[in-house]
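Read off the chains here:
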Amino acid sequence: MADELELLRRANPVPSDDTRFHDRPLDQHAERRLNQLLHSRRPRRLNRWLWSITTAAAVGVTVLTLMLSGSTTTPAVAAPRPLLIETGSTPVPLDRLADRAAASDSSLPLRQGTHVQTWSLAMTAGPGARPPLTLPEERVVRWKADGSHTELVVATDPRHPGKPVITDADPLPRTVEDGHVLSRQTYPPSWSDAPPQARPPHDAERLRAYLEEIDLTGAMDTSQLLDAVDELLDHWTLGARESAALARILADAKGLRPAGAVTDRLGRQGQAYVYEDKAHSVRRMLILDPATGAVLGLEDTVTKDDPEYGVKAGDVMSYSAWMR
(Lines give C-alpha, C1' and ligand atoms only; values in the text may rest on other atoms or scores of the structure.)
Protein backbone atom coordinates (compact mmCIF):
# COMPACT_ATOMS: atom_id res chain seq x y z
CA MET A 1 0.00 0.00 0.00
CA ALA A 2 2.88 2.37 0.75
CA ASP A 3 4.21 1.87 -2.78
CA GLU A 4 0.78 2.62 -4.25
CA LEU A 5 0.47 5.83 -2.22
CA GLU A 6 3.91 6.92 -3.36
CA LEU A 7 2.89 6.24 -6.97
CA LEU A 8 -0.19 8.42 -6.53
CA ARG A 9 1.88 11.22 -4.99
CA ARG A 10 4.30 11.14 -7.93
CA ALA A 11 1.47 11.15 -10.45
CA ASN A 12 -0.42 13.99 -8.71
CA PRO A 13 -1.04 16.56 -11.46
CA VAL A 14 -1.76 19.36 -8.97
CA PRO A 15 0.76 19.52 -6.11
CA SER A 16 -0.69 21.02 -2.93
CA ASP A 17 2.08 23.61 -2.73
CA ASP A 18 1.55 24.84 -6.31
CA THR A 19 -0.60 27.98 -6.28
CA ARG A 20 -0.96 28.15 -10.06
CA PHE A 21 -3.94 25.78 -10.15
CA HIS A 22 -6.06 27.04 -7.26
CA ASP A 23 -9.58 27.46 -8.70
CA ARG A 24 -8.14 27.57 -12.22
CA PRO A 25 -8.09 25.07 -15.13
CA LEU A 26 -5.21 22.63 -15.38
CA ASP A 27 -2.49 23.46 -17.88
CA GLN A 28 -1.52 21.05 -20.67
CA HIS A 29 1.17 19.32 -18.57
CA ALA A 30 -1.17 18.75 -15.63
CA GLU A 31 -3.93 17.48 -17.93
CA ARG A 32 -1.48 14.98 -19.40
CA ARG A 33 -0.37 13.66 -16.02
CA LEU A 34 -3.96 13.36 -14.83
CA ASN A 35 -4.85 11.46 -17.99
CA GLN A 36 -1.95 9.06 -17.39
CA LEU A 37 -3.12 8.40 -13.85
CA LEU A 38 -6.72 7.79 -14.89
CA HIS A 39 -6.11 5.60 -17.92
CA SER A 40 -2.90 3.68 -17.29
CA ARG A 41 -3.12 0.18 -15.87
CA ARG A 42 -1.64 -0.36 -12.42
CA PRO A 43 2.12 -0.91 -12.71
CA ARG A 44 2.94 -4.58 -12.28
CA ARG A 45 5.99 -3.88 -10.13
CA LEU A 46 3.86 -2.74 -7.18
CA ASN A 47 3.81 -6.40 -6.17
CA ARG A 48 4.96 -9.10 -8.56
CA TRP A 49 3.95 -12.10 -6.50
CA LEU A 50 0.69 -11.27 -4.74
CA TRP A 51 -2.62 -11.48 -6.58
CA SER A 52 -5.76 -10.14 -4.95
CA ILE A 53 -8.39 -12.44 -3.49
CA THR A 54 -10.75 -11.28 -6.23
CA THR A 55 -8.30 -12.33 -8.93
CA ALA A 56 -7.72 -15.68 -7.27
CA ALA A 57 -11.47 -16.26 -7.17
CA ALA A 58 -11.79 -15.38 -10.86
CA VAL A 59 -8.98 -17.79 -11.65
CA GLY A 60 -10.83 -20.50 -9.74
CA VAL A 61 -13.90 -20.01 -11.93
CA THR A 62 -11.76 -20.21 -15.05
CA VAL A 63 -10.07 -23.36 -13.84
CA LEU A 64 -13.46 -25.05 -13.68
CA THR A 65 -13.92 -24.39 -17.40
CA LEU A 66 -10.58 -26.05 -18.10
CA MET A 67 -11.35 -29.30 -16.27
CA LEU A 68 -11.06 -32.39 -18.41
CA SER A 69 -14.18 -34.52 -18.69
CA GLY A 70 -14.70 -37.33 -16.23
CA SER A 71 -14.62 -37.53 -12.44
CA THR A 72 -11.13 -39.03 -12.17
CA THR A 73 -9.27 -36.60 -14.37
CA THR A 74 -6.93 -33.85 -13.22
CA PRO A 75 -7.42 -30.13 -13.93
CA ALA A 76 -5.21 -29.12 -16.84
CA VAL A 77 -3.63 -26.20 -15.05
CA ALA A 78 -0.03 -27.31 -14.54
CA ALA A 79 2.45 -24.43 -14.58
CA PRO A 80 4.70 -24.35 -17.65
CA ARG A 81 8.35 -25.25 -17.31
CA PRO A 82 10.89 -22.44 -17.69
CA LEU A 83 12.21 -21.99 -21.20
CA LEU A 84 15.62 -23.53 -21.74
CA ILE A 85 18.54 -22.04 -23.60
CA GLU A 86 19.67 -24.31 -26.43
CA THR A 87 22.86 -26.13 -25.49
CA GLY A 88 25.85 -24.94 -27.46
CA SER A 89 24.06 -21.95 -28.96
CA THR A 90 26.00 -18.73 -29.44
CA PRO A 91 24.61 -15.68 -27.62
CA VAL A 92 24.13 -12.62 -29.82
CA PRO A 93 25.11 -9.34 -28.10
CA LEU A 94 22.25 -6.85 -27.94
CA ASP A 95 24.13 -4.12 -29.75
CA ARG A 96 24.78 -6.50 -32.66
CA LEU A 97 21.11 -7.49 -32.77
CA ALA A 98 20.14 -3.81 -32.68
CA ASP A 99 22.39 -3.23 -35.72
CA ARG A 100 20.64 -6.10 -37.51
CA ALA A 101 17.24 -4.65 -36.69
CA ALA A 102 18.25 -1.21 -37.98
CA ALA A 103 19.52 -2.74 -41.24
CA SER A 104 16.42 -4.87 -41.74
CA ASP A 105 14.43 -3.95 -44.83
CA SER A 106 11.17 -5.14 -43.30
CA SER A 107 8.20 -2.91 -44.07
CA LEU A 108 6.01 -4.17 -41.24
CA PRO A 109 3.85 -1.24 -40.05
CA LEU A 110 3.00 -0.11 -36.54
CA ARG A 111 -0.49 -1.23 -35.54
CA GLN A 112 -2.60 -0.20 -32.58
CA GLY A 113 -3.83 -3.21 -30.64
CA THR A 114 -2.28 -6.48 -29.57
CA HIS A 115 -2.48 -10.27 -29.90
CA VAL A 116 -0.88 -12.01 -26.95
CA GLN A 117 -0.89 -15.30 -25.06
CA THR A 118 -0.16 -15.07 -21.35
CA TRP A 119 0.40 -17.42 -18.45
CA SER A 120 0.15 -15.96 -14.94
CA LEU A 121 0.77 -17.62 -11.59
CA ALA A 122 -2.08 -17.03 -9.14
CA MET A 123 -1.20 -17.32 -5.46
CA THR A 124 -2.89 -17.01 -2.08
CA ALA A 125 -1.30 -16.95 1.35
CA GLY A 126 -2.24 -17.92 4.88
CA PRO A 127 -3.96 -20.95 6.45
CA GLY A 128 -5.75 -23.08 3.92
CA ALA A 129 -4.08 -21.38 0.95
CA ARG A 130 -4.37 -23.35 -2.25
CA PRO A 131 -1.29 -24.33 -4.26
CA PRO A 132 -0.30 -21.86 -7.01
CA LEU A 133 -1.97 -22.44 -10.36
CA THR A 134 -1.52 -21.06 -13.83
CA LEU A 135 -4.15 -19.13 -15.76
CA PRO A 136 -3.51 -19.34 -19.53
CA GLU A 137 -5.19 -16.68 -21.64
CA GLU A 138 -5.13 -15.34 -25.17
CA ARG A 139 -6.21 -11.77 -25.89
CA VAL A 140 -6.79 -9.83 -29.10
CA VAL A 141 -7.41 -6.08 -29.11
CA ARG A 142 -8.25 -4.32 -32.38
CA TRP A 143 -8.78 -0.58 -32.89
CA LYS A 144 -10.95 1.10 -35.52
CA ALA A 145 -10.51 4.41 -37.31
CA ASP A 146 -13.20 6.08 -35.20
CA GLY A 147 -11.24 5.45 -31.97
CA SER A 148 -13.39 2.54 -30.78
CA HIS A 149 -11.85 -0.85 -30.10
CA THR A 150 -12.78 -4.47 -29.54
CA GLU A 151 -11.32 -7.00 -27.13
CA LEU A 152 -11.64 -10.77 -27.09
CA VAL A 153 -10.24 -12.76 -24.15
CA VAL A 154 -10.12 -16.55 -24.21
CA ALA A 155 -9.01 -19.03 -21.56
CA THR A 156 -6.77 -21.35 -23.57
CA ASP A 157 -6.42 -25.07 -23.07
CA PRO A 158 -3.09 -25.74 -21.29
CA ARG A 159 -3.05 -29.22 -22.85
CA HIS A 160 -2.14 -27.49 -26.14
CA PRO A 161 0.42 -24.81 -25.20
CA GLY A 162 1.69 -22.65 -28.00
CA LYS A 163 -1.27 -23.17 -30.31
CA PRO A 164 -2.88 -19.80 -31.08
CA VAL A 165 -6.60 -20.07 -30.42
CA ILE A 166 -7.76 -16.82 -32.03
CA THR A 167 -6.85 -16.99 -35.69
CA ASP A 168 -9.70 -15.15 -37.44
CA ALA A 169 -8.72 -11.76 -38.90
CA ASP A 170 -12.08 -10.35 -37.82
CA PRO A 171 -11.77 -8.08 -34.74
CA LEU A 172 -14.20 -10.31 -32.83
CA PRO A 173 -14.19 -13.77 -34.40
CA ARG A 174 -17.42 -15.61 -33.68
CA THR A 175 -15.79 -19.01 -33.28
CA VAL A 176 -12.81 -19.94 -31.12
CA GLU A 177 -11.07 -23.32 -31.22
CA ASP A 178 -9.93 -25.11 -28.07
CA GLY A 179 -10.70 -22.21 -25.77
CA HIS A 180 -13.34 -20.82 -23.43
CA VAL A 181 -14.42 -17.25 -24.18
CA LEU A 182 -14.08 -15.15 -21.03
CA SER A 183 -15.14 -11.83 -22.56
CA ARG A 184 -16.03 -10.34 -25.93
CA GLN A 185 -16.50 -6.57 -25.76
CA THR A 186 -16.63 -3.46 -27.91
CA TYR A 187 -15.59 -0.15 -26.37
CA PRO A 188 -16.70 3.33 -27.51
CA PRO A 189 -14.27 5.80 -29.07
CA SER A 190 -11.54 7.08 -26.78
CA TRP A 191 -8.27 8.93 -27.30
CA SER A 192 -5.25 9.78 -25.19
CA ASP A 193 -1.99 11.61 -25.85
CA ALA A 194 -0.29 9.82 -22.94
CA PRO A 195 1.71 6.59 -23.23
CA PRO A 196 0.95 3.74 -23.66
CA GLN A 197 -2.21 4.87 -25.48
CA ALA A 198 -0.33 7.52 -27.49
CA ARG A 199 1.37 6.46 -30.72
CA PRO A 200 4.95 5.34 -29.92
CA PRO A 201 7.79 7.09 -31.79
CA HIS A 202 10.26 5.19 -33.96
CA ASP A 203 13.58 6.72 -32.90
CA ALA A 204 15.40 5.45 -29.83
CA GLU A 205 15.74 8.72 -27.89
CA ARG A 206 12.08 9.66 -28.15
CA LEU A 207 10.93 6.08 -27.56
CA ARG A 208 12.94 5.90 -24.34
CA ALA A 209 11.26 9.10 -23.11
CA TYR A 210 7.92 7.52 -24.06
CA LEU A 211 8.70 4.41 -21.99
CA GLU A 212 9.76 6.57 -19.04
CA GLU A 213 6.30 8.18 -19.12
CA ILE A 214 4.71 4.75 -18.86
CA ASP A 215 6.76 3.97 -15.76
CA LEU A 216 5.75 7.15 -13.84
CA THR A 217 8.27 6.45 -11.05
CA GLY A 218 11.25 8.52 -12.13
CA ALA A 219 14.44 7.15 -13.67
CA MET A 220 13.95 3.58 -14.90
CA ASP A 221 16.13 0.65 -13.97
CA THR A 222 16.27 -2.36 -16.28
CA SER A 223 13.41 -4.22 -14.63
CA GLN A 224 11.20 -1.14 -14.84
CA LEU A 225 12.18 -0.80 -18.50
CA LEU A 226 11.01 -4.37 -19.13
CA ASP A 227 7.74 -3.60 -17.36
CA ALA A 228 7.26 -0.56 -19.59
CA VAL A 229 7.98 -2.66 -22.69
CA ASP A 230 5.43 -5.21 -21.48
CA GLU A 231 2.86 -2.44 -21.08
CA LEU A 232 3.67 -0.97 -24.50
CA LEU A 233 3.23 -4.33 -26.24
CA ASP A 234 -0.11 -4.86 -24.54
CA HIS A 235 -1.33 -1.76 -26.45
CA TRP A 236 0.64 -1.74 -29.72
CA THR A 237 2.00 -4.21 -32.25
CA LEU A 238 5.31 -2.60 -33.18
CA GLY A 239 6.41 -2.06 -36.75
CA ALA A 240 9.93 -2.63 -38.06
CA ARG A 241 11.16 0.88 -37.20
CA GLU A 242 9.74 0.84 -33.67
CA SER A 243 11.23 -2.62 -33.02
CA ALA A 244 14.64 -1.40 -34.20
CA ALA A 245 14.45 1.64 -31.90
CA LEU A 246 13.44 -0.57 -28.96
CA ALA A 247 16.31 -2.97 -29.64
CA ARG A 248 18.72 -0.03 -29.46
CA ILE A 249 17.28 1.02 -26.08
CA LEU A 250 17.56 -2.54 -24.74
CA ALA A 251 21.19 -2.69 -25.92
CA ASP A 252 21.97 0.12 -23.46
CA ALA A 253 20.13 -1.50 -20.53
CA LYS A 254 22.39 -2.46 -17.64
CA GLY A 255 22.46 -6.10 -16.56
CA LEU A 256 20.50 -7.46 -19.53
CA ARG A 257 22.90 -10.15 -20.71
CA PRO A 258 22.74 -12.35 -23.83
CA ALA A 259 22.03 -15.98 -22.95
CA GLY A 260 21.73 -17.81 -26.29
CA ALA A 261 19.11 -19.25 -28.62
CA VAL A 262 15.71 -20.37 -27.35
CA THR A 263 12.47 -21.72 -28.79
CA ASP A 264 9.50 -19.88 -27.33
CA ARG A 265 6.11 -21.35 -26.43
CA LEU A 266 4.74 -20.61 -29.88
CA GLY A 267 7.56 -22.58 -31.49
CA ARG A 268 9.43 -19.50 -32.71
CA GLN A 269 13.21 -19.25 -32.73
CA GLY A 270 14.58 -16.34 -30.72
CA GLN A 271 17.54 -14.95 -28.82
CA ALA A 272 17.19 -14.78 -25.05
CA TYR A 273 18.40 -11.92 -22.86
CA VAL A 274 18.32 -12.37 -19.09
CA TYR A 275 18.10 -9.90 -16.24
CA GLU A 276 18.44 -10.99 -12.61
CA ASP A 277 16.02 -8.91 -10.54
CA LYS A 278 17.58 -9.70 -7.16
CA ALA A 279 15.39 -7.22 -5.29
CA HIS A 280 12.31 -9.31 -6.17
CA SER A 281 14.00 -12.73 -6.49
CA VAL A 282 12.93 -12.96 -10.13
CA ARG A 283 14.81 -13.97 -13.27
CA ARG A 284 13.48 -12.09 -16.30
CA MET A 285 14.03 -13.52 -19.78
CA LEU A 286 13.32 -11.32 -22.79
CA ILE A 287 13.09 -13.10 -26.15
CA LEU A 288 13.81 -11.20 -29.37
CA ASP A 289 13.56 -12.14 -33.02
CA PRO A 290 17.21 -12.67 -34.07
CA ALA A 291 16.72 -10.93 -37.43
CA THR A 292 14.37 -8.03 -36.77
CA GLY A 293 14.79 -7.38 -33.04
CA ALA A 294 11.02 -7.67 -32.49
CA VAL A 295 10.04 -8.72 -28.96
CA LEU A 296 8.57 -12.22 -29.02
CA GLY A 297 8.14 -12.91 -25.32
CA LEU A 298 8.94 -12.12 -21.71
CA GLU A 299 9.21 -14.75 -18.96
CA ASP A 300 9.53 -14.17 -15.21
CA THR A 301 10.84 -17.06 -13.10
CA VAL A 302 11.09 -17.24 -9.32
CA THR A 303 14.68 -17.60 -8.09
CA LYS A 304 14.01 -18.13 -4.37
CA ASP A 305 11.64 -20.42 -2.48
CA ASP A 306 8.75 -18.64 -0.75
CA PRO A 307 6.82 -21.10 1.45
CA GLU A 308 4.21 -18.46 2.34
CA TYR A 309 2.93 -18.46 -1.23
CA GLY A 310 3.87 -22.03 -2.06
CA VAL A 311 6.35 -21.13 -4.81
CA LYS A 312 9.77 -22.60 -5.37
CA ALA A 313 12.86 -21.46 -7.21
CA GLY A 314 12.38 -22.26 -10.87
CA ASP A 315 8.60 -21.73 -10.93
CA VAL A 316 7.39 -19.66 -13.88
CA MET A 317 5.55 -16.67 -12.43
CA SER A 318 4.36 -15.17 -15.71
CA TYR A 319 4.94 -15.40 -19.43
CA SER A 320 3.75 -13.34 -22.40
CA ALA A 321 4.07 -14.26 -26.09
CA TRP A 322 3.18 -11.47 -28.51
CA MET A 323 2.03 -12.16 -32.08
CA ARG A 324 1.17 -10.08 -35.12
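Just so it is clear, the model here is predicted, and its values are computed rather than measured. (Residues numbered from 1 in each chain as written. Predicted model: local features only at pLDDT ≥ 70, side-chain atom pairs only at ≥ 80, totals over all residues. Heavy atoms only, no water.)

Mind laying out helix 5 (residues 204-215), listing which residues take part and the relevant values?
Between its terminal C-alpha atoms helix 5 stretches 17 Å, which fits the 16 Å expected from 12 residues at 1.5 Å a residue. Buried within helix 5 we find L207, Y210, L211, I214 and D215. Along the axis of helix 5, the buried residues cluster in a sector spanning 145 degrees; they form a single face. Facing away from the buried side of helix 5 by over 90 degrees, the exposed positions are E205 and R206. Where the residues of helix 5 are buried, they touch helix 6 (222-233), strand 5 (236-237) and helix 7 (240-251). Among the residues trailing helix 5, L216 stands out with phi positive, at a value near 65 degrees. (Helix = DSSP H or I, 4+ residues; strand = E, 2+ residues; numbered from the N terminus. Expected span 1.5 Å × (residues − 1). Buried < 20%, exposed > 50% of the residue type's maximum accessible area, 1.4 Å probe, protein only. Arc of directions from axis to C-beta. Contact = heavy atoms within 4.5 Å.)

With reference to specific residues and values, describe the nonpolar core.
Counting 36 residues, the largest nonpolar core has L211 and L250 as its most contacted members. Those elements giving two or more residues to this core turn out to be helix 4 (94-103), helix 5, helix 6, helix 7, strand 7 (269-277), strand 8 (282-288) and strand 9 (295-302). Look past the residues within four positions of L211 in its chain and what remains in contact with it is M220, L225, A228, V229, L232, L246 and I249. Of all hydrophobic cores here, the second largest spans 14 residues; its members include V262, A272, M285 and M323. (Core = buried A, V, L, I, M, F, W, Y, C linked by side-chain atoms within 4.5 Å.)

So, the packing of aromatic side chains: which residues are in play, and what are the values?
Taken as a whole and assessed by the stated rule, the structure comprises one aromatic pair. For the pair W119 and Y319, a centre-to-centre distance of 5.2 Å together with 55 degrees between the ring planes defines the contact as tilted. Of this pair, W119 sits in strand 1 (residues 111-122) while Y319 is found in strand 10 (residues 316-323), placing the two residues 200 residues apart along the sequence. Y319 shares its class with W119; the two are buried. Above the face of the W119 ring, R265 is positioned so that its terminal group lies 5.7 Å from the ring centre. (Phe/Tyr/Trp six-rings, centres within 6.5 Å; stacked < 30°, edge-to-face > 60°. Lys NZ or Arg CZ within 6 Å of the ring centre and 35° of its normal.)

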